[in-house]
Amino acid sequence: MLKTLPTLALCSITALSLLSTSASAQIKVGVVASSTGPVASVGIPQKNTAALLPTTVAGLSVEYITLDDASDPTASVTAVKKLISEQKIDALIGPSGSPNAMGVIQFAAEAGVPMLAPVGTASVVLPMTEQKKWVFKTTQNDEIIADALIAHMVKNGVKTLAFIGTADPYGENWSKVVEALALKHGIKVVANEKYQRSDTSVTGQTLKIIGAKPDAVLIAAPGGPSVLPQAALVDKGYKGRFYQTHGAALQDFLKLGGKKVEGTILAASLMLVLDQVADSHPSKKVAADYVAAYEQKYGQKPATFGANVYDAGLLLAAAIPVAAGKAKPGTAEFRAALRDALESTKELVATQGVYNMTPADHCGFDERGRELITVKNGQWTLLP
Amino acid sequence: MDMQIALILGQDGIINGAIYALLALSILLVFTVTRVLLIPQGEFVAFGALTMATLQAGEPVKLVWLLVALAIAEAFSELMLMRRTAQGIRISSSLVLKLAYPLALAAALYHLNAATLPMLVQAFLTLLIIVPLGPQLYRLFFQPIANAPSLILLIVAIAVHVALVGIGLLAFGPGGASTTPFSEANFEFELLTLNSQTLWVVGTSVLLIVVLYVFFNRTIYGKALRAAAVNRTGARLMGISPVFAGKASFFLASLIGALSGILIAPITAIYFDSGFLISLKGFIGAIIGGLVSYPLAAVGAIIVGLLEAFSAFWASDYKDVIVFTLIIPFLLWRSLTSHHVEEEE
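Along each chain, residue indices are assigned from 1 in the same order as the chain's sequence is written. Labels follow written order: the first chain is A, the first ligand is 1, and so on. With the structure being a predicted model, the display of local features is reserved for residues of pLDDT at least 70 and the display and counting of side-chain atom pairs for 80 or more, all residues being used for whole-chain, interface and lining totals. Side-chain metrics rest on all non-hydrogen atoms present in the structure, leaving aside hydrogens and water.

Turning next to the overall build of chain B. Here a strand is any run of E in DSSP of at least two residues, a helix any run of H or I of at least four, and the numbering for each starts at the N terminus. Of the regular secondary structure elements, chain B holds 15 helices and 2 strands. The principal-axis extents of the C-alpha atoms in chain B amount to approximately 75 × 55 × 35 Å. Exposure is judged per residue with a 1.4 Å probe applied to protein chains only, and the accessible area is read against the type maximum: over 50% gives exposed, under 20% gives buried, and values in between give partly exposed. A total of 345 residues make up chain B; the buried ones form 50% of that total. Contact between two residues is taken to exist if any of their heavy atoms lie within 4.5 Å; hydrogens are not considered. Residue pairs in contact within chain B that sit at least 24 positions apart in sequence constitute 76% of those at least 6 positions apart. In these tables, accessible area is a Shrake-Rupley quantity obtained with a 1.4 Å probe, and a residue counts as shielded only by the protein chains included in the view. If you sum the accessible surface of chain B, you get close to 16,400 Å²; carbon and sulfur atoms cover 72% of it. Positive charges come from Lys and Arg alone, negative charges from Asp and Glu alone, with His and the N- and C-terminal ends not counted. To locate a charge, take NZ of a lysine, CZ of an arginine, CG of an aspartate or CD of a glutamate. Positive and negative side-chain charges in chain B, numbering 16 and 17 respectively, have mean positions lying 19 Å apart.

Following this line, the structure appears as C-alpha cells:
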C-alpha cells in the first residue's frame, strides 16, 4: 500500500496537469524543430523562437507544443503524427530541415492540418499539388534570391560562372535554378560540382573549378559548410568573385571564413543588415522588435532561421481571427478555415519581407524579401 | 588531368589517408584486444579538434565537466562493487586520485588564460582533457560486460556514440570551428605548393605509427597487449589482466583520436558530429586489413584517402558512394580467401 501511494499521487498529478493544459489553451500549435543532430544550428534558434510567439490571438489563448526530431526525417514524421493524434493540433510549424519537411507533408495533408514550413527548398510548395495545398513556406524561394544574384552578375560583366553546391535537396534545387537563370541571361555555367555537408576536403572540386577559369563562383550550401569551398578556392589562388546564397546568412560564416570571405556577395533577408536598412523598409520595425525580444530572452542575436519560425507565428496570428469567425477551434472545419485564411494572406509585413499568398504561390515573397549584402571588414554590409 | 592536378590530389588524399590510417589502427587495436568495434572513435577526433578551438578562442571548456561526471560515476561504481564483496568499503588512494584529477584540471582551466598559451601547451592541455575519457568509458560501459557477445558490445558502442554526439552538441554548440595552423610556412616546388600543415599531419602520423610499432614489439606492456589480442584466455592464464588490457587499448584509442583531431582542425572546420564519418572511413581501412593486420589497415586507409580525393575530382556527386562501395569487393575477397576460425564466444 505504501508503495502504491506515491504512484497514485503521481498519476493524479499528471492527470490534473493534462486536464489543466487542455482546458486553458483554446488553440494548439505544434512546433517541430531539429534542436539536436546535424541541422542543430538551424533548429536551435527555431526552438528558442517558439517561446516568443504570441500566446493570445483575438482573445483566444494559443499553446505551442515544441518537439525535437534530432534532424532525423523518420523522427519528424513520428513527432508530427504524435502531435496530430495526441495533442489534436490546429496548425504545425516546422520541421527545420528540407528532407524532414518533405516527409511530413503527406501526414499533415491527410489530417487536414495547415503546415508552415521554415525550410529552404521550394519543393515543399512547388509544383502545387492536392497535398501541398496544406503547406506554406516562410523562407524566400531560391528563384527570388537567385534573381538578385544573377542581376548583380550581369551588371558586373560576369560571363562565365562555376557552381558548387551540397549534394542534398538544397544544393540540387539551386543547381537547377542557377542553370536555368544563367542560360536566360547569357551567362555560361562552366562547372557544376557537388560536395557533402560533412566533407573535410573539397580539393578535387576546386581544382576542376579553377581549371574551368570562371569569372565568378556561386556556392550553395546551408550553414557553416558554405565556407569550405570558398576557403579552398582562395587557398588555391582563385582570384574571381564569390557569390553565396541565403544559406550562408549566419554569423558562423564570418567567424569560420575570416579574411577569406571578404568581398563575398549574397542575397538574403534584411535581418543581417538591420541597422543599415532604410527606415522606410516595411519589415524593419517588425524585425527589430523580434531581434530585441530574442536578445532579451537569450542574450544573443538570433540566426535568420529563427525569424522564419517567427514569421510563421505572425502568419498564424493574422489568420486565426478570420478562421475563428467561421468555426470552433479544435475542429476540422476550423483547420480548413485556417488554411483558407492563410492562403488569402495579403500584404502581411513580417521579419523577412512582405507576404502575399495566392492559391498557386504558398511562399508569397517579392523583391522586398531580399537584400544584396556583401562582407566588408568582416561585417555584413548592405550593397547600395 | 595533368601532372600538377594529380600531384595536388595525391597530396590531399595522403593527408586525409594519414588521419584515416591512425584511426584504422586504433579501431583495430581496440577490436582485437576487447572485441569492441569502437564506433565512438570519431567523437575523440571531434572533441580533440573542438577543445583545441575552444582553448584558442579563450572560452570555457565545458567538456571538462563530462570528465568530472564520469569520474564520479566511476568512483560510485567502485564503491558499489566493494560493498558487495566481503572486504567492505575502503577509500583507496587511486580512487581519490581519479576524483581529484578532473577537478584539478577544471580548476586549472578556470584560472589559466588558455588563449595566450603557446600552441604546444594548448595541444597538451587538449590531450589532458580528452585522453582520460577513453579509459573512463571502458571502465563504466565495457568492463562490466567484457564477456558479453560481440553484438552486445557493438550495440553498447553505438549507444555510447549517440550519447557522446549529444554531449558534444551541449558542450561545443552547433557551430563549426577550426584552429590556427601550427606554422604558416609553405614550400614552393615546380609543380606543387606544399603546405607545412601537410608535413605536420603526415610526419606526426608516421612518427606515431613508428612509436606504436616499437611499443608493441619492444616493451613489456605492448607485448602484453599483443598477447591479449592474439588470445584472450591464454593471456589471462599468463597473468595479463583483461581489465588492464581493455583500459590500455581505450587509452591509446582516445590518445590517437584526440591527436588526429588536433592535426586535422587547422585544415578544415570540424562540427560536433563530424567525427563519425571520419572514423567510418578509418573503419573501412581497417576492414581492408581484415580487422587483423595493422600494415594492411594502414595501407587500406591511405587507399581510401586517395580514392576519395580522386573521385571528388572526377565525379563529385558520387564521392561517398564510391568510397563506401569499396567495402563490398574487399569483404567478398576476404570471405572467399581466408579461413574463418570461430573464436570462443
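To continue, consider unusual backbone geometry. Omega for the peptide link from G94(A) to P95(A) comes to -10°, which places this bond in the cis form. Of note, P95(A) is situated in the loop between β4 (91-93) and α4 (98-111). Positive phi, close to 55°, is recorded for A70(A), a residue that is not glycine. With respect to the element layout, A70(A) can be found in the loop between β3 (60-68) and α3 (73-85). A positive phi angle, near 65°, is found at R35(B), a position not held by glycine. Looking at the secondary structure, you find R35(B) in the loop between α1 (3-34) and α2 (41-57). Given a relative accessible area of 11%, R35(B) falls into the buried group.

To continue, consider a nonpolar patch on the surface. A cluster of nonpolar side chains, V206(B), V210(B), Y213(B) and V214(B), forms an exposed patch at the surface whose accessible area comes to about 380 Å². By secondary structure assignment, the location of V206(B) is in helix α8 (residues 196-218). Only residues whose relative accessible area exceeds 30% and that form no salt bridge are eligible for patches; like-charged ones are grouped when within 9 Å, while nonpolar side chains (Val, Leu, Ile, Met, Phe, Trp, Tyr) are grouped when within 5 Å. The term salt bridge refers to a side-chain nitrogen of Lys or Arg lying within 4 Å of a carboxyl oxygen of Asp or Glu.

Okay, the interface of chain A and chain B next. The interface is formed by 27 residues belonging to chain A together with 26 residues belonging to chain B. Using a 1.4 Å probe, buried area is obtained as the accessible area two parts lose upon being combined, added over both of them. Taken together, both faces of the contact between chain A and chain B bury some 2,100 Å²; the carbon and sulfur share is 55%. When the buried surface of chain A facing chain B is broken down by residue, T200(A), L207(A) and L256(A) rank first, second and third, together holding 26% of it. Residue R197(A) is joined to D273(B) by a salt bridge in which the shortest nitrogen-to-oxygen separation is 3.2 Å.

All names here are of chain A. With domains assigned, chain A is organised as domain 1 (26-140 + 286-367) and domain 2 (142-268). Here the C-alpha centre of domain 2 lies 29 Å away from the C-alpha centre of domain 1. Taken together, the contacts link 11 residues of domain 1 with 10 residues of domain 2. Three residues, P38, Q140 and F305, lead the burial of domain 1 against domain 2; their summed loss comes to 40% of the area buried on that side. Put simply, domain 1 and domain 2 have 0 salt bridges between them. Broken down by secondary-structure element, the contributors of at least two residues to the side of domain 1 that touches domain 2 are α4 and α11 (304-324). Classification used: nonpolar for Ala, Val, Leu, Ile, Met, Phe, Trp, Tyr, Cys and Pro, charged for Asp, Glu, Lys and Arg, polar for all others including Gly. Residues of the side of domain 1 that touches domain 2, tallied by class, amount to 5 nonpolar, 5 polar and 1 charged. For the purposes of this description, domain bounds are those given by an automatic or database domain assignment.

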